[in-house]
Amino acid sequence: MQAKISPPSDDSSSGHAAIDLISALRNHTGFSARERKVADHVQQHLADISDMTIAALAKACGVSTPTVVRFCRTLGCDGFREFKLRLAQNLAVSLQYISPPAASEQVASDTAIDRVLGALYATANVMRGQVDPDKLQLAVTEISACRQLLAAGIGGGSSMVAGEAANRFFRLGIPSFALEDSYLLQMRAATLGPKDVLLCISASGEADELVSAAEIAGGYGATTISITPNGSRLAQISKISILVDLPEDPDIYKPTASRYAHLIIVDAIAMTVAQTRSATTSENLRRIRASLTAFHGRTGPQPLGD
């Protein structure tokens with residue numbers, strides 16, 4: 001007889017603290033009536049809880065301190081101290097979404113395209129002043145002579161740039177691959193060696209998956225190149241670090257502009273690599289265009305690099 005699979009239990013029965021306490025406060029169904037009074041007060045005074053004692057919170061809610069302790073344990077916390085710590089951590093990353101800053105005044109004629117382009121231009125200009133041309137040339141030298149290139153990014157923006165890097169470099173005659181799966185990345189990094197390149201893209205430079213992959217690949221003699229902020233763990237462990245520390249627009253509804261700047265860096269490296277390997281590059285691009293023409297029959301103007 002096949003065992004019946006039970007649905008996932010909620011926080012109150014699992015004994016595990018909620019990952020997102022703010023959502024748990026809003027949606028938790030396991031509170032008693034008195035615990036609900038604590039939950040309601042906490043939701044209305046999120047920023048004040050870190051400075052309150054358990055007695056002060058109990059008094060503000062009109063309940064006993066044991067009720068506050070039970071409330072914390074219903075959320076999976078050992079007690080009030082752990083609850084405050086977890087709430088403070090959650091609040092640190094959630095506040096801008098709970099109370100987003102008022103949208104800045106826009107020129108009446110600004111369209112959505114204008115606003116996105118404005119963020120792109122501002123970020124690209126900051127990047128332009130930060131990139132060290134010597135580091136860029138070192139990356140070009142290593143990639144031009146490499147046997148294969150593995151591009152890696154974790155998360156939406158970085159993984160997209162890694163995919164585009166592989167897309168750029170395979171056209172130039174360099175076997176290139178992109179990965180965003182953390183386990184596959186560790187395994188592939190372990191297969192790299194001298195004459196191979198691991199190119200990591202990270203807006204934070206603190207992704208454990210990328211830092212670990214760079215450490216593994218570097219340990220086997222591969223050249224590790226990163227596009228990442230100065231002072232990050234990834235920058236410190238990479239052989240060549242192209243350092244960019246890019247601000248993000250405070251408007252939470254705008255797409256992340258840093259990925260455009262990272263794409264510009266990748267394109268700049270790819271263009272220079274293409275020029276360095278001009279004979280191979282030209283023949284590869286000719287073959288690609290000829291194969292596509294044979295496939296779809298179109299001979300008119302098309303993007304030369306594609």
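The present account deals with the structure reproduced in this document. Computed from a prediction, not measured in an experiment: that's the story for all the values here. Numbering of residues begins from 1 in every chain and follows the order in which that chain's sequence is written. Local features in this predicted model are restricted to residues whose pLDDT is 70 or higher, and side-chain atom pairs enter the listing and the counts only when it is 80 or higher, whereas totals over whole chains, interfaces and linings include all residues. Only heavy atoms go into the side-chain values, all of them from the structure, while hydrogens and water stay out.

1. Things to note about the packing of aromatic side chains
Aromatic contacts are taken between Phe, Tyr and Trp rings whose centres are within 6.5 Å, Trp giving its six-membered ring; a plane angle under 30 degrees counts as stacked, one over 60 as edge-to-face, and the others as tilted. Here the structure, examined in full by the defined rule, presents 3 aromatic pairs. An aromatic cluster of at least three residues, connected via ring pairs, comprises Phe 31, Phe 71, Phe 80 and Phe 83. Sitting over a ring, as applied to charges here, requires NZ of Lys or CZ of Arg to be within 6 Å of the ring centre and within 35 degrees of the ring normal. The ring of Tyr 260 carries the charged tip of Arg 259 above its face, separated from the ring centre by 4.7 Å.

2. Observations regarding unusual backbone geometry
Of note in this structure, Lys 195 is not a glycine but carries a positive phi near 80 degrees. Within the element layout of this structure, Lys 195 appears in the loop between helix 10 (182-191) and strand 3 (196-201). Helix and strand labels come from DSSP, where a helix needs a run of H or I of at least four residues and a strand needs a run of E of at least two; each type is numbered from the N terminus.

3. Quick word on the packing of helix 4 (residues 54-61) against helix 5 (residues 65-74)
The axes of two packed helices give the description: the angle between them and the distance between them. One can describe the packing of helix 4 onto helix 5 by two numbers: an axis separation of 8 Å at closest approach and a directional angle of 100 degrees. Put simply, helix 4 runs roughly perpendicular to helix 5. Taking contact as the criterion, the partners of Ile 54, Ala 55, Leu 57 and Ala 58 in helix 4 are, on helix 5, Thr 65, Val 68 and Val 69. In this classification, Asp, Glu, Lys and Arg are treated as charged, Ala, Val, Leu, Ile, Met, Phe, Trp, Tyr, Cys and Pro as nonpolar, and every other residue, Gly included, as polar. The residue inventory of the contact of helix 4 with helix 5, partitioned by class, reads 6 nonpolar, 1 polar and no charged. Only C-alpha atoms enter the line fits that serve as axes; for helices the fit covers just the stretch in contact. Angles between N-to-C directions range over 0 to 180 degrees. The cut-offs work like this: below 35 degrees is roughly parallel, past 145 is roughly antiparallel, 65 to 115 is roughly perpendicular, and the gaps in between are oblique. Contacts between residues were defined by any pair of non-hydrogen atoms, one from each residue, lying within 4.5 Å.

4. Considering the pairing of strand 3
In this scheme, a residue with accessible area under 20% of its type's maximum is buried, one over 50% is exposed, and one in between is partly exposed, where area comes from a 1.4 Å probe on protein chains only. Extensive coverage of strand 3 is indicated by the burial of 6 of its 6 residues. Burial along strand 3 is two-sided: Asp 196, Leu 198 and Cys 200 and Val 197, Leu 199 and Ile 201, pointing in opposite directions, are all buried. When DSSP finds at least two bridges between two strands, those strands are taken to pair. Relative to strand 3, strand 1 (residues 148-153) runs parallel, the two sharing 6 bridges. By the bridge assignment, Leu 149 is partnered in strand 3 with Val 197. As defined by bridge partners, strand 3 adjoins strand 4 (residues 223-228) across 5 bridges and the pair is classed as parallel. The partner of Ile 201 across the bridge, within strand 4, is Ile 227. Call a crossover right-handed when, viewed with both strands pointing away from you, the route from the first strand across the helix to the second goes clockwise. In terms of handedness, the path from strand 3 via helix 11 (residues 208-219) over to strand 4 forms a crossover that is right-handed.

5. A few points about empty space enclosed by the protein
Buriedness for pockets is judged along seven lines, at least five of which must meet protein on both sides within 12 Å for an open set on the 1 Å grid over protein atoms alone, while cavities are sets there where a 1.4 Å probe fits but cannot get out, and lining residues have an atom within 4 Å of a point. Grid points are joined across faces, edges and corners, and a volume is the space filled by probe spheres set on the points. A full pass over the atoms with the stated rule returns 1 cavity of 30 Å³ or more. Taken as a whole, the largest cavity encloses approximately 40 Å³ of empty space. For the largest cavity, the full set of lining residues is Val 116, Ala 119, Lys 254, Pro 255, Ala 257 and Tyr 260. Of the residues assigned to the lining of the largest cavity, the class counts are 5 nonpolar, no polar and 1 charged.

6. A look at a nonpolar patch on the surface
Within this analysis, patches are made of residues with over 30% relative accessible area and no salt bridge. Like charges are joined at 9 Å or less; nonpolar side chains (Val, Leu, Ile, Met, Phe, Trp, Tyr) at 5 Å or less. Accessible surface is estimated by sampling points in the Shrake-Rupley manner with a 1.4 Å probe; for residues, cover comes only from the protein chains shown. By definition here, a salt bridge exists when the distance from a side-chain nitrogen of Lys or Arg to a carboxyl oxygen of Asp or Glu is within 4 Å. A contiguous nonpolar patch, built from Tyr 183, Leu 184 and Met 187 and spanning about 370 Å² of accessible area, is present on the exposed surface. Take Met 187: it is sitting in helix 10.

7. Re the packing of helix 8 (residues 133-144) against helix 13 (residues 258-276)
Running from N to C, helix 8 and helix 13 point in directions that differ by 55 degrees, and their axes come no closer than 9 Å. The orientation of helix 8 relative to helix 13 falls into the category oblique. For the pair helix 8 and helix 13, the crossing hand works out as right-handed. Taking contact as the criterion, the partners of Leu 136, Gln 137, Ala 139, Val 140, Ile 143 and Ser 144 in helix 8 are, on helix 13, Ile 265, Ala 268, Ile 269, Thr 272, Val 273 and Thr 276. Classifying every residue of the contact of helix 8 with helix 13 by side-chain character gives 8 nonpolar, 4 polar and no charged. Crossing handedness: left-handed means the near helix sits turned counterclockwise from the far one by under a right angle, and right-handed means the same turn made clockwise.

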